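Listed below are the residues making up each chain.
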Amino acid sequence: MSAIEAIPVAAASEQDELYQEAAHAHGAALERLARAYEADAELRRDLLQEIHVALWRSFNGFDRRCSLRTWIYRVAHNVAASHVLRERRANAQTLVGLEELEQLPDANRGPAAADRSHALNRLLELIQRLKPLDRNVILAYLEGMDAASIAEISGLSPGNVATKIHRIKQVLARQFQQRAVPAGPVRAEEAHD
Amino acid sequence: MTEHSNPVQELWQSQPLEGIKVSLEEIRRRAGKFERRILWRNRRETAACVLTCVLFVYFMHGAPSLWFRISYGLFIAGMIWVAVQLHRKASARSLPAEMGASGALQFFRGELERQRNSIRNVWPWYLAPTVPGYIVLNIAWAMARPQHRWALVGFDVFVVALFVGVWKLNQWGARCLQRKIDELNAASNE
């Protein structure tokens, strides 16, 4: 697969330029998003490509009524949510809401929690169990967005988002207390695949 | 977006990635493939409809009575109605630009509502159009072969049971989807 930088920018239309800007600025976040929605490596690559194609096609109708970032995340989340809807027919996994996630037992016991890569895998497992709307909110929160941006992307009211973020913080605090997330990089081979 | 106000956000944002990049050529190729798939699906549906209509026209020509001809004519009309509805429903699918214009809540609810309406209304757009033709065909057979009327009644019972079964199954599916929509509405009003 050739890199997007290989395309001469001068020849690109506005649609192409917007896509290139999006891929350059948010490519990593989109990959993390795909990882949060699909555990299987092969299907994840397909999902990521599907997101990129949908993003490129969407820029044909980008009306600038919202920021580029909001547009990108809406398209990406909506493509991923459709993917979840489709795939759930194949694997009948029960998805839960944030409320049910709060009832999960504390994961900070046992040696596994002390390892950073295990902490990341555990985080991914938690996210992948969530219903699409709650997954949307937690992912935007993990990407460091504020409540107003999350509300714009999710379509929820700011008050509702604030409540959900409060719950997310409680769940994450219980599941990943400071000692459970050791500093330092996670090696690629250790990461969830 | 690079500020890490807590260690879990830092853990999430610093996770190792494959660094997958998709070239514009690849995107255009895939988008073109998608458009071609839609085009071929539409062509297939149209071809199936035309073929069935041609078949019924052929039957009409060789039909032994006016009742048979009327029944085949009604089947043709029903087939065209179903094909038009199929095409309309396929065109109503969300486009990527709509995905960017609506938030996750609205998009997800819209998708669920679209699926629910599609299966809830299966009777008027998919099952009912074939009923007039079927009824007239029954009359035609009953008049042509009165000695076989009980076999005809038996077959009718089977067909009615099949129709009711399909309808009930779809109603059940629609109720499941409605529960999910209600959940979403409740979540948005919390």
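Everything numeric in this text was worked out from a predicted model, so none of it was measured. (Residues numbered from 1 in each chain as written. Chains lettered and ligands numbered in written order. Predicted model: local features only at pLDDT ≥ 70, side-chain atom pairs only at ≥ 80, totals over all residues.)

Re the overall build of chain B
Part 1 of the argument: What chain B contains, in helices and strands, is eight helices and zero strands.
Part 2 of the argument: N-terminal to C-terminal, the α/β element order of chain B is α-α-α-α-α-α-α-α.
Part 3 of the argument: For a compact globule of 190 residues, the expected C-alpha radius of gyration is about 16 Å, and chain B comes in at 25 Å, more than 25% above that figure.
Part 4 of the argument: Considering only C-alpha atoms, chain B reaches an extent of 85 × 45 × 25 Å along its principal axes.
Part 5 of the argument: The buried share of chain B, taken over its 190 residues, is 15%.
Part 6 of the argument: Across chain B, the fraction of contacts at a sequence separation of at least 24, relative to all contacts at a separation of at least 6, is 75%. (Helix = DSSP H or I, 4+ residues; strand = E, 2+ residues; numbered from the N terminus. Rg over C-alpha atoms; globule rule 2.2 N^0.38 Å. Buried ≥ 20, exposed ≤ 12 C-beta atoms within 10 Å, placed from the backbone. Contact = placed C-beta atoms within 7 Å.)

Section: the domain arrangement of chain A
All names here are of chain A.
Part 1 of the argument: The domain architecture assigned to chain A consists of domain 1 (1–92) and domain 2 (94–193).
Part 2 of the argument: Elements supplying a minimum of two residues to the side of domain 1 that touches domain 2: α1 (14–37) and α3 (68–90).
Part 3 of the argument: At six residues, α3 tops the list of elements feeding residues into the side of domain 1 that touches domain 2.
Part 4 of the argument: Grouping the amino acids of the side of domain 1 that touches domain 2 by side-chain chemistry returns nine nonpolar, two polar and two charged. (Domains from an automatic or database assignment. Nonpolar A, V, L, I, M, F, W, Y, C, P; charged D, E, K, R; others polar.)

Description of the nonpolar core
Part 1 of the argument: Counting 63 residues, the largest nonpolar core has A:Leu33, A:Ile51, A:Leu55, A:Ala76, A:Ala80 and A:Leu123 as its most contacted members.
Part 2 of the argument: If one sorts the elements of this core by residue count, α1(A) sits on top with ten residues.
Part 3 of the argument: Counting contributing residues, this core receives three or more from each of domain 1 (1–92) and domain 2 (94–193) of chain A.
Part 4 of the argument: Setting aside chain neighbours within four positions, we find A:Leu55 in contact with A:Tyr19, A:Ala22, A:Ile72, A:Val75 and A:Ala76.
Part 5 of the argument: The next biggest cluster of nonpolar side chains, apart from the first, holds eight residues, and it includes B:Phe56, B:Leu74, B:Met79 and B:Ala140. (Core = buried A, V, L, I, M, F, W, Y, C linked by C-beta atoms within 7 Å.)

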